[in-house]
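Below are the chains, spelled out letter by letter.
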Amino acid sequence: MDRVKGKVAIVTGAANGIGEATAKLMAKEGAKVAIVDIDDANGKRVIKEITAAGGTADFWHMDVSHANEVEKVIEEIYKKYGQINILVNNAGVGGGRSAPHKTTEAELDRVFGINLKGPFFCTKYAVPYMSKSGGGSIVNVASVYGIIGGDTPVYDASKGALRAMSKSDAICLRKHHIRVNSIHPGNVWTPLFEQIEKSLGGIPEESDILGSVRVPAGRMARPMEIAWGILFLASDEASYVNGSELLIDGGMVDAPLPVYPPQIPEAPGITPD
Ligand code: NAD
């Protein structure tokens, strides 16, 4: 309890999935939470649930890819709470699942606009207020695919760029006492993942996804398992952690050989001795 007590946290994309779990955890641990999202219905649902549990939260409609909107909303959040200590750049979209010669410029702009320009704008406009508040912590939610690549070149590039931007921001913002780190989730069971599976014509079943990727943990992550990592980096417990990347991927990035999910005991085509 109270791991971020007295702090004000902005969590982008907090109406669903990882952001929702993070907002709820931050509120439970004592922060006042500003939930920003384009999904008004779920954003309002999340503040109701946080308030009912005894926490403090408010909702702002904000599209992270629109600089003017970000500037205005972050100013409003500062005016309401009088400080900003934590920024979690979590809002993001999937996309760009095709070979580069078949990917349109519009798709590149859409994914980069939200996944990279979004964190850039939120950081740009939150930093002056965080600095006035004595410093703080920025956590950028990237992805394991921003490190190893995958079959979504544009998405993976947006997350790889966010990883690099986090390290550079950590250096540039040191004199403002603002730490910047990135989180790299593996496959997490959230609405985003369900939508990707549906768009591919598949049935959004966890076992299907596990059949196509190597996850030593043998299962997908749950949003709260990512939220715990974000909470740590946001809190003063991580006061000496800066410019780092925290993988929460069930061991995926380090799996040296194909690891088959539990329901497939042996590699296909190999007869056990
Ligand atoms: P999600 O779709 O469940 O939630 C994303 C939230 O962001 C939604 O509430 C959505 O309304 C909001 N959002 C989308 N565009 C926005 C915009 N322009 N402005 C403001 N809000 C916007 O997704 P999730 O799975 O919880 O993903 C959260 C973050 O984690 C994303 O950055 C994603 O890329 C990253 N991530 C997810 C996974 C996974 O497997 N789910 C893996 C690695 C990284």
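Residues numbered from 1 in each chain as written. Predicted model: local features only at pLDDT ≥ 70, side-chain atom pairs only at ≥ 80, totals over all residues. Heavy atoms only, no water.

Looking at this structure, I do not really get the site of the ligand. What am I missing?
Taken together, 29 residues sit near the ligand, with Asp37, Asn90, Tyr155, Val188 and Thr190 positioned nearest. Tyr155 has a polar side-chain atom sitting 2.7 Å from an oxygen atom of the ligand. Take Val188: an N or O atom from its main chain is 2.7 Å from an oxygen atom of the ligand. Taking 820 Å² as the accessible area of the ligand by itself, protein coverage stands at 94%. Listing elements by their share of the shell around the ligand, those giving two or more residues are helix H1 (17-28), helix H7 (153-172) and helix H8 (191-199). Sort the elements by how many residues they give to the shell around the ligand and H8 lands first, with three residues. Class assignment for the residues of the shell around the ligand results in 16 nonpolar, nine polar and four charged. (Near = heavy atom within 4 Å. Polar contact = N/O pair within 3.5 Å; in protein donor to acceptor, adjacent residues only side chain to side chain. Areas by Shrake-Rupley, 256 points an atom, 1.4 Å probe, with all protein chains shown as cover. Helix = DSSP H or I, 4+ residues; strand = E, 2+ residues; numbered from the N terminus. Nonpolar A, V, L, I, M, F, W, Y, C, P; charged D, E, K, R; others polar.)

Just to check I follow, could you spell out the nonpolar core for this structure?
Formed by 33 residues in total, the largest nonpolar core has its most connected members in Met26, Val33, Ile35, Ile226 and Ile230. Apart from the residues lying within four places of it in its own chain, the contact partners of Ile230 are Ile18, Thr22, Met26, Val88, Val139, Val141 and Ile183. In this structure, Ile10, Ile84, Ala126 and Tyr129 belong to the second largest nonpolar core, which totals 29 residues. (Core = buried A, V, L, I, M, F, W, Y, C linked by side-chain atoms within 4.5 Å. Buried < 20%, exposed > 50% of the residue type's maximum accessible area, 1.4 Å probe, protein only. Contact = heavy atoms within 4.5 Å.)

What exactly am I supposed to notice about the layout of surface pockets here?
To find the voids left in a structure, one rolls a probe of water-molecule size over its atoms. Estimates place the volume of the second largest pocket at around 200 Å³. Surrounding the second largest pocket, Lys24, Ala27, Lys28, Gly30, Ala31, Glu49, Ile50, Ala53, Gly54, Gly55 and Thr56 form its lining. The dominant element in the lining of the second largest pocket, judged by the number of residues it contributes, is H1, at three residues. For the lining of the second largest pocket, the residue count by class is four nonpolar, four polar and three charged. (1 Å grid on protein atoms, 1.4 Å probe; cavity = no way out; pocket = protein on both sides within 12 Å on 5 of 7 lines; lining within 4 Å. Points joined across faces, edges and corners; volume = space filled by probe spheres on them.)

Mind showing me how you'd approach the environment of Val33 here?
Along the polypeptide, Val33 turns up in strand S2 (residues 32-37). Exposure remark for Val33: the relative accessible area of 0% places this residue in the buried category. Note: C-alpha distance between Val33 and Tyr81 (48 residues apart in sequence) is 9.8 Å. Residues contacting Val33, with those up to four places away along its chain left out, are Ala9, Val11, Ala23, Met26, Ala27, Thr56, Ala57, Asp58 and Tyr81.

Teacher, can you tell me more about the pairing of strand S6 (residues 178-185) here?
In terms of burial, S6 is a largely internal element, eight of the eight residues being buried. Taking every second residue as pointing to the same face, both faces of S6 are buried, with Ile178, Val180, Ser182 and His184 on one and Arg179, Asn181, Ile183 and Pro185 on the other. Note that strand S5 (residues 136-141) and S6 share six bridges and pair parallel. Across the sheet, the residue bridging to Val139 is Asn181, located in S6. As judged from the four bridges shared by S6 and strand S7 (residues 245-248), these two strands associate in the parallel manner. Bridged to Ile183 within S7 is Leu246. (Pairing = 2+ DSSP bridges.)

So what exactly am I meant to see when it comes to the side chain of Asp169 here?
Here Asp169 shows up in helix H7. No salt bridge is formed by the buried Asp169; the nearest opposite charge belongs to Arg174, separated by 11 Å. Setting aside residues no more than four positions away along its own chain, Asp169 makes contact with Thr123 and Val180. (Lys, Arg positive; Asp, Glu negative; His and termini not counted. Salt bridge = Lys/Arg side-chain N within 4 Å of Asp/Glu carboxyl O.)

Please clarify how helix H10 (residues 223-234) should be interpreted in this entry.
Within an α-helix, residues lying three or four positions from one another point in the same direction, as the helix has 3.6 residues per turn. Here H10 spans 16 Å end to end across 12 residues, near enough to the 16 Å set by a 1.5 Å rise per residue. Every buried residue belonging to H10 is among Pro223, Ile226, Ala227, Gly229, Ile230, Leu231, Leu233 and Ala234, and all of these are buried. Residues of H10 that are buried make contact with H1, strand S4 (86-89), S5, S6 and S7. (Expected span 1.5 Å × (residues − 1).)

Would you take a moment to explain the sheet that holds S5 for this structure?
Note on sheets: strands pair through backbone hydrogen bonds, and any given pair is parallel or antiparallel. Strand order in the open sheet formed by seven strands is S3-S2-S1-S4-S5-S6-S7, with parallel pairing between adjacent strands. Each having just a single partner strand, strand S3 (56-61) and S7 make up the two edges of the open sheet. Neighbour-to-neighbour, the strand axes of this sheet turn through a mean angle of 20°, independent of strand direction. Where H7 meets the sheet, it contacts S5, S6 and S7, and its direction lies at approximately 160° from that of S6. (Axes fitted to C-alpha atoms, helices over the stretch in contact; angles between N-to-C directions.)

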